[in-house]
Amino acid sequence: MYVLWRNLSSSASSPTLSAPACPPLSSPYARREIMASVTRLASRSLPLAEILPGSLLSSSAALRNFSSAADHGGPSITVETSVPFVGHKCEPPPREVETSPGELMGFFRDMAVMRRMEIAADALYKAKLIRGFCHLYDGQEAVAVGMEAAITRKDAIITAYRDHCIFLGRGGTLVEAFAELMGRRSGCSKGKGGSMHFYKKENGFYGGHGIVGAQVPLGCGLAFAQKYLKEGSVTFAMYGDGAANQGQLFEALNISALWDLPAILVCENNHYGMGTAEWRAAKSPAYYKRGDYVPGLKVDGMDALAVKQACKFAKEHALKNGPILIPPLEELPQLVPVLRARLPTGTAEQEGLTLLNELPLPQPPC
Ligand SMILES: Cc1ncc(C[n+]2csc(CCOP(=O)(O)OP(=O)(O)O)c2C)c(N)n1
Ligand SMILES: [Mg+2]
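First, a word on scope: everything that follows refers to the structure included in this document. (Residues numbered from 1 in each chain as written. Chains lettered and ligands numbered in written order. Predicted model: local features only at pLDDT ≥ 70, side-chain atom pairs only at ≥ 80, totals over all residues. Heavy atoms only, no water.)

1. Quick notes on the environment of D260
- By the element assignment, D260 lies in the loop between α10 (247-258) and β7 (263-268).
- Since its relative accessible area comes to 39%, D260 is described here as partly exposed. (Helix = DSSP H or I, 4+ residues; strand = E, 2+ residues; numbered from the N terminus. Buried < 20%, exposed > 50% of the residue type's maximum accessible area, 1.4 Å probe, protein only.)

2. Section: the site of ligand 1
- Among the 14 residues in the neighbourhood of ligand 1, the closest are listed as Y161, R162, D241, G242 and Y272.
- The separation between a nitrogen atom of ligand 1 and a polar main-chain atom of G210 is 3.0 Å.
- In the complex, the protein chains occlude 68% of the 590 Å² of accessible area that ligand 1 would expose alone.
- When its residues are assigned to classes, the shell around ligand 1 shows 6 nonpolar, 6 polar and 2 charged. (Near = heavy atom within 4 Å. Polar contact = N/O pair within 3.5 Å; in protein donor to acceptor, adjacent residues only side chain to side chain. Areas by Shrake-Rupley, 256 points an atom, 1.4 Å probe, with all protein chains shown as cover. Nonpolar A, V, L, I, M, F, W, Y, C, P; charged D, E, K, R; others polar.)

3. Structural notes on a nonpolar patch on the surface
- Together, F224, Y228, L229, L258 and W259 give the surface a local cluster of nonpolar side chains, amounting to about 610 Å² of exposed area.
- Summarising the element assignment, L258 is placed in helix α10.
- Owing to a relative accessible area of 59%, L258 belongs among the exposed residues under this scheme. (Patch = residues over 30% accessible without salt bridge, like charges linked within 9 Å, V, L, I, M, F, W, Y side chains within 5 Å. Salt bridge = Lys/Arg side-chain N within 4 Å of Asp/Glu carboxyl O.)

4. A word on helix α8 (residues 174-181)
- Where burial is concerned, most of α8 is hidden: 7 out of the 8 residues are buried.
- Within the sequence span of α8, burial applies to L174, V175, A177, F178, A179, E180 and L181.
- The first or second residue beyond α8 is G183, which carries a positive phi of 70°.

5. A look at the packing of helix α6 (residues 141-150) against helix α12 (residues 304-321)
- Running from amino to carboxyl end, α6 crosses α12 at an angle of 45°, the nearest separation of the two axes being 7 Å. Between α6 and α12, the angle is such that the two are oblique. Considering only the axes of α6 and α12, their crossing is right-handed. Two secondary-structure elements touch here, α6 through A142, V143, G146, M147, A149 and A150 and α12 through A304, V307, K308, C311, K312 and K315.
- Its residues placed into classes, the contact of α6 with α12 shows 8 nonpolar, 1 polar and 3 charged. (Axes fitted to C-alpha atoms, helices over the stretch in contact; angles between N-to-C directions. Parallel < 35°, antiparallel > 145°, perpendicular 65-115°, else oblique. Left-handed = near helix turned anticlockwise from the far one by under 90°. Contact = heavy atoms within 4.5 Å.)

6. Things to note about the packing of helix α9 (residues 215-228) against α10
- Contact geometry of α9 with α10 gives a least axis separation of 8 Å together with a crossing angle of 15°. With respect to α10, the element α9 is oriented roughly parallel. In terms of crossing hand, the pair formed by α9 and α10 is left-handed. Residue-level contacts link V216, P217 and C220 of α9 to Q248, L249, A252 and S256 of α10.

7. A short note on the pairing of β7
- For β7, the tally of buried residues reaches 6 of 6 residues, placing the bulk of the element in the interior.
- With burial as the criterion, each face of β7 is covered, one bearing A263, L265 and C267 and the other bearing I264, V266 and E268.
- In the sheet, strand β6 (residues 235-240) pairs with β7 via 6 bridges, with the strands oriented parallel. Bridge pairing links M238 to V266 in β7.
- Viewed along the sheet, the connection from β6 through α10 into β7 turns out right-handed.
- In this structure, β7 lies alongside strand β11 (residues 324-326), joined through 3 bridges in parallel fashion. (Pairing = 2+ DSSP bridges. Right-handed = clockwise from strand over helix to strand, strands pointing away.)

Below is the structure:
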């Protein structure tokens, strides 16, 4: 933390970190310094730079499309997902997923970068170098990466406040991400949004929203525009298991189904809404069935290939038949501690605490 603080200050003419007083990070010297600092800060056993794809650091990332495995080179291989899909009012896709060694390496590299970024953000938050809110995504990286592998930048994504890694997946850079987290002008929202309001509209990322569930009707609006303009693209509106109980979600779903909008509602079920276990808040945690008349698909959200397959299937379905719900569920016990350990960090009044660490997995009473 100290190294980063020093470097930020020494590359600046002002000794403070407050946004208006600091010089823009766009000067090449400041950018180099910050990147070097973040690299040192994030490294555990491997320097971040060694695993950092150039595409995440340069604006050429904006041109990267993930639409097919063939783009990633190497022979095509078929991998079976570890858990079968379960469909609601639809025939689920096959478990066999087409991929390539290049794509698998890309998945690993992107998820490693995301994990390192979130660990660094966690440390910066606890050191009070990131102020306000800081909602981390570590443990859920496979959803961001798998989703990107199935779609293009013409497709839109909109999410709640846990948005850092979605932003990276859409071609955002680490510099833009950390600058935003630290309230700097070079951040993706000019340092005014912070953790909850990352955007990259030019690459189809429409934020970053703090009001639980409110991004879902906005996402359905994006899907309406896509249909109206005959773009042939779809919108992924992401929300949490806590948000799944909100009324506005069902209103948006109703009109999307009525008008056959190309909307894909993705419920990321991490079993908690803040500190509330899902069984305390939801009568039915089978989120893929909660659309009733809208088809749903239950997916293993810890398997990037399963998410890719599901998103490819959902995109084709949505373009043909209108909305679909896909809750990528995380249900593999050995991975749960990672997810839970990281989730609660980042509520302003509880900074430094990792409240859910000691809680057991949520179980409904007998
Ligand atoms: C309308 C509204 N009500 C309450 C809150 C406070 N709040 C912030 S996060 C959260 C829990 C949301 O849980 P979930 O949708 O499961 O998302 P997760 O944090 O697990 O990703 C709540 C209730 C809010 N931001 N907006
Ligand atoms: Mg949740």
